[in-house]
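# Residue-level structural notes
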Amino acid sequence: MKKHIDHISKKEFMEKLESYRKGSITRRHFLNVTGLGAASAVLGAAVPGLRPSPAHASDIGDRVVLATWPNYHDPANFDAFTEATGAHVQVNVFGSNEEMLAKLQAGATGWDVYVPTNYTIEDYVKEDLIEPLDTSKLPNYDTSAFDARYAEAGSIDGTLYAVPKNWGSTGMAVNTTHNDGKPITSWKEFFDITMGKFSGRTMVHDYQLTTIGSALNSFGYSFNSVDEAELADAEKLLIEVKPHLFAITSDYQPAMRNGDAWLTICWSGDGKQLNTDMPEIHYVLGREGGEIWSDYYAIPKSSERKAAAYALINFLLNPEVNAKEVLAHGYPTADSRTFELLPDSLKNDPILFPAQELLDPLEFGAAVTLTDPNRAELMARFKSA
């Protein structure tokens, strides 16, 4: 077996293995980059999910391409789908809804399923980039099982375009070891400490909605503001903060885990994953506000493997499969059938299900923010500063 892995270091191998386990890369990509394709049968016992699949008589093809967010799935579910259908799941990870929209507008993504956020679906419909869904091909979808707050954005003018995946919030994760054991409680404090004792240790998203939104919140403005004067205040703050940042990235877990970073804008599921493994990392919602969101499964019109797309979405909507997803990624489900299968520890978890007084100030993203030129230009100036 040794001859297959000489071309990468042990450190690189372990990093790829961690990415595979977190769902950031697929089984096929892991095998290819590590040179372990031929050895996968031997590794099967040591690394669950790496056993090769038997031949299948399937009419959905040999693969399905999923565009999704980092650390957002249980890789074992993808392996189970391959076992059941013979189609391998190829995962493409993106960092923002703007990136996803731009790639679909450019065409030829190769995607079959993608995971848009609630406020973007209206624009996908306007641009004719999203496939209306045929629910007869999704027998696991039961509209009555979903909380309407996290499902209604999937329908535009009475037509269903996307089905709910899960929901969550956008807050911050802080390693309290470096702050006298105390969490941070506000966005103003987030930016102040970044320019103080946490200088060089803070990350913000490579995503205008959340990074600009958090800066806006620190002034008490709406997360979704497109007011020019308010955006000017946010830009001034972000430019001032920029030299103190460790990184601008939407894949922030590695740096938080290895101690290079101590503070980051954070989605709640990542906050749960980090807190589970490193209890000193706390997930906090800013008291001024922030984002509440819901993500969906959808099929781009450009998909050339729509049968495989429907099969994957239907598989992931199975409540038992979805429960495994929740256990892996730490985001709350909008599906009551899945919720009932979760352990009480998750049902009562304050990261997944915050107290109502913490949820009340949060806002769903607004469609205007996706295409507002002032916000896009602000983010470009911030990143190039």
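Being a predicted model, the structure only gives us computed values, none of them experimental.

Conventions we followed
Counting of residues starts from 1 at the beginning of each chain's written sequence and follows it residue by residue. At least 70 in pLDDT is required for a residue's local features to be given in this predicted model, at least 80 for side-chain atom pairs to be given and counted, and no such filter applies to totals for whole chains, interfaces and linings, which use all residues. Side-chain descriptors were evaluated using all non-hydrogen atoms of the structure, hydrogens and water having been removed beforehand. Counting from the N terminus, the helices are the DSSP runs of H or I reaching at least four residues and the strands are the DSSP runs of E reaching at least two. Buried, partly exposed and exposed residues are distinguished by accessible area as a fraction of the type maximum, computed with a 1.4 Å probe on protein chains only: under 20%, between the cut-offs, and over 50%, respectively. Note on contacts: a residue pair qualifies if any of its non-hydrogen atoms lie within 4.5 Å across the two residues. With residues, only the protein chains shown are counted as cover, and all accessible areas are computed by Shrake-Rupley using a 1.4 Å probe. What we call a nonpolar core is a set of buried Ala, Val, Leu, Ile, Met, Phe, Trp, Tyr and Cys residues that are connected through their side-chain atoms within 4.5 Å. Angles run from 0 to 180 degrees between N-to-C directions of axes, and those axes are lines fitted to C-alpha atoms, restricted for helices to the stretch in contact. Should an angle fall under 35 degrees it is taken as roughly parallel, and over 145 as roughly antiparallel, whereas 65 to 115 is taken as roughly perpendicular and any remaining angle as oblique. Helix crossings get a hand from a simple test, with the near helix turned counterclockwise from the far one by less than a right angle marking a left-handed crossing and a clockwise turn marking a right-handed one. Put simply, two rings from Phe, Tyr or Trp (the six-membered ring, in Trp's case) pair if the centres are within 6.5 Å, and we call them stacked under 30 degrees between planes, edge-to-face over 60, tilted for the rest. Salt bridge criterion: a side-chain nitrogen from Lys or Arg within 4 Å of a carboxyl oxygen from Asp or Glu. For every residue, the predictor states its confidence as a pLDDT score lying anywhere from 0 to 100. Strand pairing is defined by DSSP finding a minimum of two bridges between the two strands. Note that Gly is not counted as nonpolar here; it falls among the polar residues with everything else outside the nonpolar set of Ala, Val, Leu, Ile, Met, Phe, Trp, Tyr, Cys and Pro and the charged set of Asp, Glu, Lys and Arg. Pairs of N or O atoms are called polar contacts if they sit within 3.5 Å, as long as, within protein, a hydrogen donor faces a hydrogen acceptor (for residues adjacent in sequence, only side-chain-to-side-chain pairs).

### What about the overall build of the protein?
- Secondary structure summary: the protein contains 18 helices and 12 strands in total.
- Counting every position in the protein, which comprises 385 residues, the buried fraction comes to 55%.
- Contacts in the protein between residues far apart in sequence, at least 24 positions, make up 74% of those at least 6 positions apart.
- For the protein, the exposed surface amounts to about 15,800 Å²; the carbon and sulfur share of it is 52%.

### Quick look at the nonpolar core
- Residues Tyr114 and Val163 are the most contacted members of the largest nonpolar core, which totals 75 residues.
- Sorting elements by how many residues they give to this core places helix α12 (residues 306–317) first, with eight residues.
- Judged by nonpolar contacts, the second largest core, of 25 residues, contains Val174, Phe198, Leu238 and Leu263.

### Comments concerning the side chain of Thr211
- When you line up the elements, Thr211 lands in helix α8 (residues 208–218).
- Discounting residues that sit within four places of it in the chain, Thr211 has contacts with Val204, His205, Leu238, Ile265, Met379 and Phe382.

### Re the packing of helix α4 (residues 75–85) against α12
- It is the contact of α4 with α12, at a shortest axis distance of 11 Å, that shows an interaxial angle of 125 degrees. With respect to α12, the element α4 is oriented oblique. Helix-helix and strand crossings are classified by hand; for α4 and α12 the assignment is right-handed. Contacts from Asn77, Ala80 and Phe81 of α4 reach α12 at Ala308, Ala311, Leu312 and Phe315.

### Some remarks on the packing of aromatic side chains
- Throughout the structure, instances matching the rule amount to 19 aromatic pairs.
- Summarising the aromatic geometry, the rings of Phe190 and Phe191 are spaced 5.0 Å apart at their centres and angled 75 degrees between planes, so their arrangement reads as edge-to-face.
- Residue classification places Phe190 among the buried positions, given a relative accessible area of 0%.
- A relative accessible area of 1% places Phe191 in the buried class.
- Every member of this aromatic cluster is reached through a ring pair, and the members are Trp69, Phe94, Trp111, Tyr207, Tyr252 and Trp267.

### A short note on the pattern of salt bridges
- Scanning the model with the defined rule gives 13 salt bridges in all.
- Across the salt bridge formed by Glu122 and Lys126, the nearest N and O atoms sit 3.2 Å from each other. Within this pair, Glu122 and its partner Lys126 are both found in helix α6 (residues 121–126), separated by four residues, close to a single helical turn.
- Classification of Glu122 by relative accessible area gives partly exposed; the value is 34%.
- Here Lys301 makes a salt bridge to Asp128, at a shortest N to O gap of 2.6 Å. One end of the pair, Lys301, is in the loop between β11 (290–298) and α12; the other, Asp128, is in the loop between α6 and β4 (155–156), and 173 residues separate them in sequence.
- Assessed through its relative accessible area of 47%, Asp128 is described here as partly exposed.

### A look at the confidence of the model for the protein
- For the protein, per-residue confidence averages 89 on the pLDDT scale, and residues scoring 70 or more make up 85% of the total.
- Segment residues 1–6 is flagged for pLDDT under 50; beyond a separation of four residues in sequence, or across chains, it makes nine contacts in the model.
- Every residue in residues 35–57 is under pLDDT 50, and counting partners more than four places away or in other chains gives 46 contacts.

### Brief notes about the pairing of β11
- In terms of residue burial, β11 counts as a mostly covered element, since nine of its nine residues are buried.
- Examined bridge by bridge, strand β6 (residues 162–175) and β11 share eight bridges and lie antiparallel to one another. Within β11, the residue paired with Asn166 across the bridge is Asp295.
- Two strands pair when backbone bridges link them, and β11 and strand β12 (residues 362–363) are joined in this way by two bridges, in the parallel orientation.

### Remarks on unusual backbone geometry
- Of note in this structure, Asn71 is not a glycine but carries a positive phi near 55 degrees.
- Turning to its location among the elements, Asn71 is positioned in the loop between β1 (63–68) and α4.
- According to the relative accessible area criterion, Asn71 is buried, its value standing at 6%.

### Looking at helix α11 (residues 268–277)
- Across the 10 residues of α11, seven count as buried, placing the element largely inside the fold.
- Restricting attention to buried positions, one finds in α11 the residues Ser268, Gly269, Asp270, Gly271, Lys272, Gln273 and Leu274.

### Structural notes on the packing of α8 against helix α9 (residues 228–241)
- Running from amino to carboxyl end, α8 crosses α9 at an angle of 105 degrees, the nearest separation of the two axes being 9 Å. As summarised for this structure, α8 and α9 are arranged roughly perpendicular, according to the angle between their axes. Residues Thr211, Ile212, Ala215, Leu216 and Ser218 of α8 lie in contact with α9, whose contacting residues are Glu230, Leu231, Ala234, Leu237 and Leu238.
- In terms of residue class, the contact of α8 with α9 is built from seven nonpolar, two polar and one charged.

### Quick word on the environment of Ser222
- One can find Ser222 in the loop between α8 and α9.
- The exposure class of Ser222 is partly exposed, given its relative accessible area of 31%.
- Between the C-alpha atoms of Ser222 and Glu291, which are 69 residues apart in sequence, the distance is 10.0 Å.
- Setting aside anything within four residues of it in sequence, one finds Ser222 in contact with Leu216, Asn217 and Glu363.
- Here the side chain of Ser222 touches Asn224 through a polar contact of 3.1 Å, landing on its backbone nitrogen.

### Brief notes about the environment of Asn175
- The residue Asn175 is located in strand β6 in this model.
- Separated by 82 residues in sequence, Asn175 and Arg257 have C-alpha atoms that sit 9.5 Å apart.
- Setting aside chain neighbours within four positions, we find Asn175 in contact with Phe198, Met256, Trp262, Glu280 and Ile281.

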